[in-house]
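# Tertiary structure, described
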Amino acid sequence: MSRLDLVVEICGSAGEGTISAGEILSRFMSEEGYDIMSFDSYPAEIRGFGKCVAHTRISRGGVLTPGKFADVLIALNDIHSIGQLSVLKEKGVLIYDNKPARYHLEDQSVVGWLEPGMTPYGIPLTELSIKASGNARARNMVALGAFSALFGIDRDAFTESIRRRYGKKQQAVIDSNVNSFLEGYAWTLENVRKMDSFRFDGMSAEVKRDQLIINGNEATAMGALAAGLHLYAGYPITPATKIMEIMSKELPKRGGIFLQTEDEISSIAHVIGAGFAGERAMTGTSGPGFCLMSEFTGLAVMAEVPAVIVDSQRGGPSTGMPTKHEQSDLNIALYGGSGDSPRVVIAPTCVEECYQAAVLALYIAEKYQTLVILLLDFFLSNSIKNMDPPTAPETKYLNAHIVPDAEALSDYKRFRITENGISPRTIPGTEGGMFFATGLEHDERGKPVYDTVSHTRMTEKRFRKHKGIATEIPAPEVSGYEGDADIGVVAWGSSAGAAREAVEYANEKGIKAACFSSLFISPFPESELKLFSKRCRKILVPEMNYSGQFANMIARYLERPMERLNLVTGLPMASEDILKKIEEIEYL
Amino acid sequence: MPSNDHYVIIGNGPAGNHAADVLRKNDPDARITLLSNESMLFYYKHKLPALIKGTIGDTELSVKGARDYKEKNIRLRLGQEVERIDPRENRIYLKHMEIMSYTKLLIASGASPRVLPLVSNFAKHLKLFSSFTDALNQIGDIRNGRRYLVLGGDLVSFKFVRMLKSMGKEVDCLLYPDAFWPFTLTKDMAEAVNKSLTKDGIRVLSNDGLKSMNQTCEGIDVVTDNGYTATFDSVYAFLGMVPNISFALGSGIDTDRGILVNDHLKTNFNNVYAAGDCAQIYNPDIKSYWLSVGWKNAAVQGAVAAENLLGAGYVITPSPKSILSVEGFTVDTSWWENFD
Ligand SMILES: Cc1cc2nc3c(=O)[nH]c(=O)nc-3n(C[C@H](O)[C@H](O)[C@H](O)COP(=O)(O)OP(=O)(O)OC[C@H]3O[C@@H](n4cnc5c(N)ncnc54)[C@H](O)[C@@H]3O)c2cc1C
């Protein structure tokens, strides 16, 4: 293959080592210098017999999406894998157990459903696992051995990687995994004739051992910790729980506070409390939890208290589909809650951006004394990428607390009307810095007032902050065709990766397409979008929600007809879907 | 009334495919499954030499594409090997450990190259060639090698020798006229072959045999009974075919060299038939069995077996004879399709 780009899926039942095999494969390929992106799916139930799929794209030259279809399917469980054949490419490869412990009934064997053109490799996974480790639990490692032999992967380097992965475990565990891998490798080399054309033609020269392999939740947590997060209060909810797990371990080590609260209302209340006390604080949740928090979001805005909420979106409404992907909380993030309540909404488009987004969220919340919502989604939270370890945030992002000077303290007005909307803030206990803080409209000292002039001036002040924030947001990412384009794709959140990739493919096909996305949704780089729109004959807005929440939002800036692609499949946006739409628009 | 039958056909060659088409035409609702242990779609075997040579690709090799099966609702299971059958329970045991059941079964599993006793001492050095899988396995060696010995004992060997020669290889051919398949080469025929091949630069070793073979780092050192010695990259044996019936042995289905069938192509089980190269067919006129050979026979028998599985009761008759000319001699044959 000229440009290596291979999507591997491992499909098994929960407890069969499916996800860990995927992780081992991803880690190794990353160490060998490949770009990887993984996206696993597993049953909503905590542990059971549900279907698990570890999906990994291995590429050289960057990956923007995990890819919709697989080149290789490794079946650890026949029944589950039968359904997964629908994502195997026409000339895909199936690695399956041809000597399971007992006979399958008719049509319950995955190879029985293979389409002509696909290549099956039957490997006695169970038998070899028992031979190498004494039990059938290491079938996943046998399968990785077989995969490596078939695809020309360096056996010794992979073995070393497995040893490093299990380094802290007992020797018996390491041996059982390594031996099973080697058994699968040797058997395949000896007995299987390679019939397909995929091959890793020698490993990358640039071995990268220090790459991070993390998902969006981990990147977000890392960013927040690097930005000096002091308190995290949360209530577990898929797909955001991982952030909480990390905080529960990391914050106490750093002298911070981790709290598992009784519910999401309490979580946001703690965050606002900590923010009021001058500490950087954050909570994480998903749509259902965010709904509960929405009343309190208004308090953060009205009392001008820094607060950061991570909302990792999932299929909704209500409890919806906990383990499915969707981008349908944009409306509630932008408009949820009562009153005219300006808030900052940041939607990272990839794992790397999650780190940066968390740093910016805490910084902006603190500096502008306001509510910042970090919108992740199921895919971003769970998709795993390799990346260079991020550099520590610049010091300006670490302390943005604007405190009143002595003169201001001599006649302290907590909510002083200022040009940029920011009023220097004291933390409780500061001498001379006392003030009222409630959810009521107030005067400059915080005393509740309901007169027309005060409400107007205070509302304007709160909105004015967004002008300053707008000057600090990163430039939008524009890619693809640089001149006057036929189609401009405007994407947001995790769909942006798929959009960029689709535009790349479209360009390769000779279609003049370009892509626009912004890390910040509110405030939004409106003028840049207008410029982009001007050079595009048509605009397409793809997003994973039914009502076109983002398209509706940008419609007010663009005031022109737009094509939309709204999907609610529960799966991440695929570049193939966007490309299809681009082609439809182009050739219609 | 929709048919409840599940027809299973073992074999994706001409016999199996013709049968599947006839079954579908006459029984639109039945389940039809076509099984093959090869992953390749139905292909022309006589074109395999051209594939190795590189003058055609996979597409030209195949007789029809996957769409044809989809349209006819015939389930094609490729790369799946039948390990044994149980005709009493109407069950098929696949090698990947799946149990299938059928109501009616057609065995059309073809034949594979045989290794005759006269060369069996050297079996480990011999390469056999009769399928797409063999072609894939050997394509690299053949393209890269220089010198080959072909043990010539059947019609396919001549095609293979010609292919090697046209690829610029040096070829020696050791002829076994007495063991020729599927008919004995008369003295005249052998002489004609000798002449025809020699004329084209192929060294023909007649009235000779293998004495020793040794693998060295240079290749395979061969010494013949007449004292001829040479080193070859590979030695290929083409000494006829033997029916693929190992999965039926001990199952209760009567077998000899092939699957024994009557002149309706029915085995000793009423719902099990056999056709093509794997079948050994009873001829009531001579009160003996004959082994089917060749593409044409397989195709015709596949269709007849299917009709009979549907209840027609046709008797198999040999196809009309035609003259086949090979390497300077001609035979009257009703079985070998002359594709050239
Ligand atoms: C190189 C070459 C050239 C030839 N040239 C000519 C020619 O010019 N003219 C001519 O008439 N004939 C020619 N033949 C012979 C002709 O191809 C065969 O006679 C014909 O293919 C027989 O058809 P069949 O359907 O009986 O079996 P085959 O075509 O052999 O098909 C048998 C099928 O059964 C499958 N099978 C076998 N065992 C199992 C199992 N255990 N489980 C599942 N599937 C199984 C095989 O994979 C295959 O799909 C040639 C043969 C070769 C090898």
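Residues numbered from 1 in each chain as written. Chains lettered and ligands numbered in written order. Predicted model: local features only at pLDDT ≥ 70, side-chain atom pairs only at ≥ 80, totals over all residues. Heavy atoms only, no water.

## Here we look at the interface of chain B and chain A
Condition: A contact between two residues is defined here by any heavy atoms of the two lying within 4.5 Å. Here the quantity called buried area is the total loss of accessible area, with a 1.4 Å probe, experienced by two parts when brought into contact, counted for both. A pairing counts as a salt bridge when a side-chain nitrogen of Lys or Arg comes within 4 Å of a carboxyl oxygen of Asp or Glu. N or O atoms closer than or at 3.5 Å make up a polar contact, with two conditions inside protein: a donor-capable atom paired with an acceptor-capable one, and, for residues adjacent in sequence, both atoms drawn from side chains. The numbering of helices and of strands both runs from the N terminus, where a helix is a DSSP run of H or I of at least 4 residues and a strand a run of E of at least 2. Under this grouping Gly is polar, as are all residues other than the nonpolar Ala, Val, Leu, Ile, Met, Phe, Trp, Tyr, Cys and Pro and the charged Asp, Glu, Lys and Arg.
Counting residues at the interface gives 25 residues for chain B, matched by 22 residues for chain A. Of the roughly 1,900 Å² buried between chain B and chain A on both sides combined, carbon and sulfur atoms contribute 51%. Broken down residue by residue, the surface that chain B buries against chain A is led by Arg75, His96 and Met97 of chain B, which jointly contribute 32%. Between the two partners, chain B and chain A, sit four salt bridges. Between arginine 75 of chain B and aspartate 107 of chain A there is a salt bridge whose closest N-O contact spans 3.1 Å. At the junction of chain B and chain A, the tally comes to 14 residue pairs in polar contact (both at pLDDT 80 or more). Contributions of two or more residues to the side of chain B that touches chain A are made by helix H4 (66-71), strand S3 (74-77), strand S4 (82-86), strand S5 (91-94), strand S6 (98-101) and helix H5 (132-144) of chain B. Looking at the side of chain B that touches chain A, the element that brings in the most residues is S6 of chain B, giving four residues. Among the residues making up the side of chain B that touches chain A, the classes are represented as ten nonpolar, seven polar and eight charged.

## Looking at the confidence of the model for chain B
Condition: Per-residue confidence from the prediction method is given by pLDDT, with values spanning 0 to 100.
When pLDDT is averaged along chain B, the result is 92, and 96% of the positions lie at 70 or above. Overall fold confidence for the complex sits at a pTM of 0.88, while the interface term, ipTM, reaches 0.84.

## A closer look at the pairing of strand S6 (residues 119-123) of chain A
Residues and elements named next belong to chain A. Counted only if it meets this: Buried means the residue's accessible area, taken with a 1.4 Å probe over protein chains only, is under 20% of the maximum for its type, while exposed means over 50%, and partly exposed covers the values in between. In short, DSSP must find at least two bridges between two strands for them to pair.
Where burial is concerned, most of S6 is hidden: five out of the five residues are buried. Going residue by residue along S6, you find Thr119, Tyr121 and Ile123 tucked away on one face and Pro120 and Gly122 tucked away on the opposite face as well. With five bridges joining them, strand S5 (residues 88-97) and S6 adopt parallel strand pairing. Its bridge partner being in S6, valine 93 is matched across the sheet by threonine 119.

## Describing the sheet that holds strand S20 (residues 279-283) of chain B
Residue and element names in this part refer to chain B. Filter applied, for reference: Lines fitted to C-alpha atoms define the axes here, with helix axes fitted over just the stretch in contact, and angles between the N-to-C directions of these axes take values from 0 to 180 degrees.
What the three strands build is an open sheet, ordered S18-S20-S21; its pairing is mixed. In this open sheet, the two edge strands, each paired with only one partner strand, are strand S18 (259-261) and strand S21 (288-291). The average undirected angle you get between the axes of adjacent strands in this sheet is 35°. Examined bridge by bridge, S18 and S20 share three bridges and lie parallel to one another.

## Digging into the nonpolar core
All names here are of chain B. Selection rule: Definition of nonpolar core: a set of buried residues of the types Ala, Val, Leu, Ile, Met, Phe, Trp, Tyr and Cys, connected through side-chain atoms within 4.5 Å.
Ranked by internal contacts, the top residues of the largest apolar core, which has 51 residues, are Ile10, Ile85, Ile92, Leu105, Leu106, Ile107 and Leu265. Among the elements that take part in this core, helix H8 (residues 295-309) stands out by supplying six residues, more than any other. What isoleucine 92 contacts, discounting residues up to four positions off in sequence, is Val8, Ile10, Val82, Arg84, Ile85, Glu98, Ile99, Met100, Tyr102 and Leu105.

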